[in-house]
Amino acid sequence: MALTASETPGLGFQIGDHVCAFYSSSTNSVDDIVVDYISSGLQSGYKCFGMVDTPASVQDRIPRELVTRDGSLNILSEDEAYMPDGHFSKDAFIGAMKTMVADALADGYDSFRAVGDESFLVRNGVDIKEWFAAEAELNAIVPDYPHFFFCLYDLDLFDGDTVMYVLKTHPRIYVNGIVITNPHYIPADQVPG
Amino acid sequence: MTSSAGGVPSTNDLDPAAEARLSSFNAVFTLALILTQVSSPDQVMRLVTTSIPSIVSCQKALIWHLARSGEYYQRAPEAISEILAQLTGSGPLEVADFPPSWAFLITSPLADEQIFLIIVDSKALSNEETFLLSVLAQLSGTVIAKLELIAAEQSSAQRISALNTELESTVSTLTRIMEVHHRLNEIAASAGEMGIAETLHELTRFGVFISDAGGNTLAATSDVPGDYLEREPAEQRRELIRRLQSSRRPLYHGRAWLVLAGAEVLGVIALVDPAQTASEVDLAALEYAAVVLSVELGRLHSVAEAERRSRATLERNIAQARAAELAASEARQRAILEAALDAVISIDQRACVTYVNSAFERIFGYRAEEVTGRELAEAIIPPALRDAHRQGFARYLATGEAHVLDRRIELTAMRADGSEFPVEIAITRTAVTGGPAFTAYVRDITERQRAAHELVASRARLVAASDAARQRLTRDLHDGAQQRLVTTLINLQLAELKWESAPERAQELVGLAVRDAKRGIEDLREIVSGIHPAILTQRGLAAAIDSLASGLPIPVELDIPDSRLPAPVEASVYFFCSEALTNVVKHARASSARVRVTLVEDRCVVEVGDDGIGGARPRSEASGLNGLRDRIGALNGTVDITSPATGGTVLKASIPLLFDPSAYPGS
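Only a predicted model underlies this, so the values are computations on that prediction, with no experimental measurement involved.

**Digging into the overall build of chain B**
Reasoning step 1: In terms of helices and strands, chain B carries 17 helices and 20 strands.
Reasoning step 2: The buried share among the 667 residues of chain B stands at 29%.
Reasoning step 3: Restricting to contacts in chain B with at least 6 residues of sequence separation, those with at least 24 account for 53%.

**Points about the interface of chain B and chain A**
Where interface size is quoted, it is often the accessible area lost as the parts come together.
Reasoning step 1: Listed by partner, the interface residues are 26 residues for chain B and 26 residues for chain A.
Reasoning step 2: In terms of residue count, helix α2 (residues 41–55) of chain B provides more of the side of chain B that touches chain A than any other element does, nine residues in total.

**Comments concerning the sheet that holds strand β20 (residues 649–656) of chain B**
Residues and elements named next belong to chain B.
Reasoning step 1: If you walk across this open sheet you meet the five strands as β16-β17-β18-β20-β19, and the pairing is mixed. Each edge of the sheet is formed by a strand with only one pairing partner; in this case those strands are β16 (556–559) and β19 (638–642). Taken over all neighbouring pairs, the strand axes of this sheet differ in orientation by 15° on average, direction set aside.
Reasoning step 2: In the sheet, strand β18 (residues 603–610) pairs with β20 via eight bridges, with the strands oriented antiparallel. Paired with valine 606 across the bridge in β20 is alanine 653.
Reasoning step 3: Packing against the sheet, helix α16 (residues 567–588) makes contact with β16, β17 (593–600), β18 and β20, and its axis sits at approximately 10° to β18.

**A few points about the packing of helix α4 (residues 90–106) of chain A against helix α6 (residues 128–138) of chain A**
Relative placement of two packed helices is described by the angle separating their axes and the distance separating the axes.
Residues and elements named next belong to chain A.
Reasoning step 1: Packing of α4 against α6 brings their axes to within 9 Å, and their N-to-C directions diverge by 30°. By the angle class used here, α4 and α6 are roughly parallel. In the packing of α4 onto α6, the handedness of the crossing is right-handed. Of the residues in α6, those touching α4 at Lys90, Phe93, Ile94 and Met97 are Glu130, Ala133, Ala134, Glu137 and Leu138.

**A look at the sheet that holds strand β9 (residues 256–261) of chain B**
Residue and element names in this part refer to chain B.
Reasoning step 1: Taken together, the five strands give an open sheet; going across it, the order is β7-β6-β10-β9-β8, and neighbouring strands pair in antiparallel fashion. Two strands in the sheet have a free side with no partner beyond their single neighbour: β7 (217–220) and β8 (251–253). Sheet twist, expressed as the mean angle between neighbouring strand axes with direction ignored, is 25°.
Reasoning step 2: Relative to strand β10 (residues 267–272), strand β6 (residues 207–212) runs antiparallel, the two sharing six bridges. Directly across from aspartate 212, in β10, lies its bridge partner glycine 267.
Reasoning step 3: Contacting β6, β9 and β10, helix α7 (residues 280–339) runs over the sheet at an angle of about 35° to β9.

**Brief notes about helix α1 (residues 30–43) of chain A**
For an α-helix, the turn length of 3.6 residues means that residues three or four places apart are oriented alike.
Residues and elements named next belong to chain A.
Reasoning step 1: If you check α1, its first and last C-alpha atoms are 20 Å apart, about what 14 residues at 1.5 Å a residue would give, namely 20 Å.
Reasoning step 2: Here α1 has its buried residues at Val30, Ile33, Val34, Val35, Tyr37, Ile38, Ser40, Gly41 and Leu42.
Reasoning step 3: Packing partners of the buried residues in α1 comprise β1 (17–23), β2 (47–52), α2 (55–59), β3 (73–77), β4 (112–117) and β5 (147–154).
Reasoning step 4: Just past α1, the residue glycine 45 takes up positive phi, approximately 85°.

**Things to note about the pairing of β16 of chain B**
Residues and elements named next belong to chain B.
Reasoning step 1: Where β16 and β17 come together, four bridges link them in parallel fashion. What sits directly across from aspartate 559, in β17, is arginine 596.
Reasoning step 2: Each parallel crossover has a hand, and for β16 linked through α16 to β17 it is left-handed.

**Some words on the confidence of the model for chain B**
Residue and element names in this part refer to chain B.
Reasoning step 1: Here chain B shows a mean pLDDT of 83. Residues at 70 or above account for 93%.
Reasoning step 2: pLDDT under 50 marks residues 1–9. Its contacts with residues more than four places away, or in other chains, come to 25 contacts.
Reasoning step 3: Below pLDDT 50 for its whole length, residues 663–667 participates in nine contacts with residues either more than four positions away or in separate chains.

What counts, and at which threshold
Residues numbered from 1 in each chain as written. Chains lettered and ligands numbered in written order. Predicted model: local features only at pLDDT ≥ 70, side-chain atom pairs only at ≥ 80, totals over all residues. Helix = DSSP H or I, 4+ residues; strand = E, 2+ residues; numbered from the N terminus. Buried ≥ 20, exposed ≤ 12 C-beta atoms within 10 Å, placed from the backbone. Contact = placed C-beta atoms within 7 Å. Pairing = 2+ DSSP bridges. Axes fitted to C-alpha atoms, helices over the stretch in contact; angles between N-to-C directions. Parallel < 35°, antiparallel > 145°, perpendicular 65-115°, else oblique. Left-handed = near helix turned anticlockwise from the far one by under 90°. Expected span 1.5 Å × (residues − 1). Right-handed = clockwise from strand over helix to strand, strands pointing away. pLDDT = per-residue confidence, 0-100.

Below is the structure:
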């Protein structure tokens, strides 16, 4: 499976997107799509934030000339980003995301682009319901900030039941190199119970 | 109906059942999209089976395989397999002790194997859900087929890639080996052992040394440590050579790779590799260098062998030539010795005979084998002289004092029959291996001594004859002419006395004196003609012999050429004929005689024959025949007499015309 982010934000990505993508770690490196996604964001003058398993492997592959401002690029490990207090907290996470988007705008960035590999969920046994509650809540940020949220799920780690949750919580889906509307997405206010 | 930011239709306007159906549809549809991005059939099965309970109402979903189990599928129970095998598409499963289920065929076109999506406890499945699951099953089959195809292609690509990699490696290796062959071929015919070692070093970067079969270093690059070049004990070396002969590949021994050069073990070439890091190409280079080295050593061996053979052939040819020359020389020498008239005798330092020639056999009466090996003195020296010979030989060997070497001496020798005879002998010393040897050249001088004795006798007879002739002349003059002249003188003196007194008597006495004077002149003429007839001097041999014959009482037939001969020859022939004819008249009682003189080449041959009684023999040393021999012999001529008892006698003289005048006293 080739997972490559579009070179231009216009190729399917839209401001305010909360997009999910699936990859298979046994055949693809998630770093590739992260590097592509962040590089195109930096090219567009956005502030970029990455949450990956090995930040250095991504950081080293970002062309230096794209980092035109201090702080335009911030890449943390998944655990640092998602569990700064040692455990995952929906509210802390959402708060942190809102802060980062607000700071970016305050710093003069046109937009904020975040990408995260969610494999930490399996490694850390994070409550899947709390996580997907957070995923659903991210959608609420859309009206307030110009941002791109890109969530990556490893099909080698997550089973179909979880995939169904992912599909239900992401309005758009990145499939075969293009971002399309997710027909199975269910807005938070329509989720039964 | 409202729209979200992503444009998803709102389901708020639908009734719950329709909303549920739409959700299921969206779920299947979206799952289908996700399935296009999975990476393996197992992942497909896992996603499908784990997502279905979220989509439709069922206890669980699983995958059954008719033949086997896997990570995400199970082997179908025997009782169900037969039902599944008959299934086309989908259908319910109602089997005892198993929850009511629904089976959907998932076909993998490539694998040609049937697997089934089993929805367990599917009592609540609606028709729509059954339809969606059928679609999902077929979609899964398609995805699995695609993944299998991709996997097959990837596998094929990997195999091709692996083959390409292997091929590239092989090509690279072959290219390097070709370079190795090319480089070694370049230096094969000219570089020698050191050039081969250095070239192999350039190609491999390892130290290289070359040794012969015995372990002696023939060449080594500068980076080879000295301990590599130390000779092994002979037995270890032989064992190593045996191991190398039985090894098809380079042998690692003593921290180096070794290969034999040449099937006949011309040498060993070694790659110094203490860490054993040499590659296949390095070892291939070593092996090919061994081939080149074997050719080089073979060439050197052939050159050396050819030189050795050439030298041996040359030496053999020279030896043969020398032997042939020696044999020819010996043959020539032997032929010369065999053809020699003199006897040749070789003796060793023990005075034993080692060789005699044919003349020896003839002169001494021995066969060669009879005398070879015998002491010389015993064989040919008379008993009376042997001790003196032996003492002289021993003295020479002891002191080197020689009295008889290298000069001619006359001795008395002894024949095989014990008879003794005079010999002239010359002895030389020959330097040969094993001590001195001596060769004697012996000439039988019996005839020469006899001739010498005869010459002395002849000269004595000539002197005697001359004395006799002088005495006869004196007597003839005294008794003949002298008396006549004396009588004439007396008669003339008497006539002078009587000339006045008795003129008649004086006249008578003068007449007597005249008579005696005439008789005296006659006597003188006869005497003079006996000494050297005037007619011979004046008119030649034919007239002189004719005059001589005319005074004989028997007829003489003459055959004498008119040509003049040298005076000594004419005189000798005349007196030979005079003496011979006188003998015919006196002794032969012949009725006729004949004289023939012929000139044959450089000789004058005179024959005087008669028809008398024959059997003539010279009666004494002072006989007329011996006198003739003396006279003719003085001119180096010969006289032969043939006088058979049956009658007739022929005297024959042969006188050379080219004689030395000084040898003839009267010339």
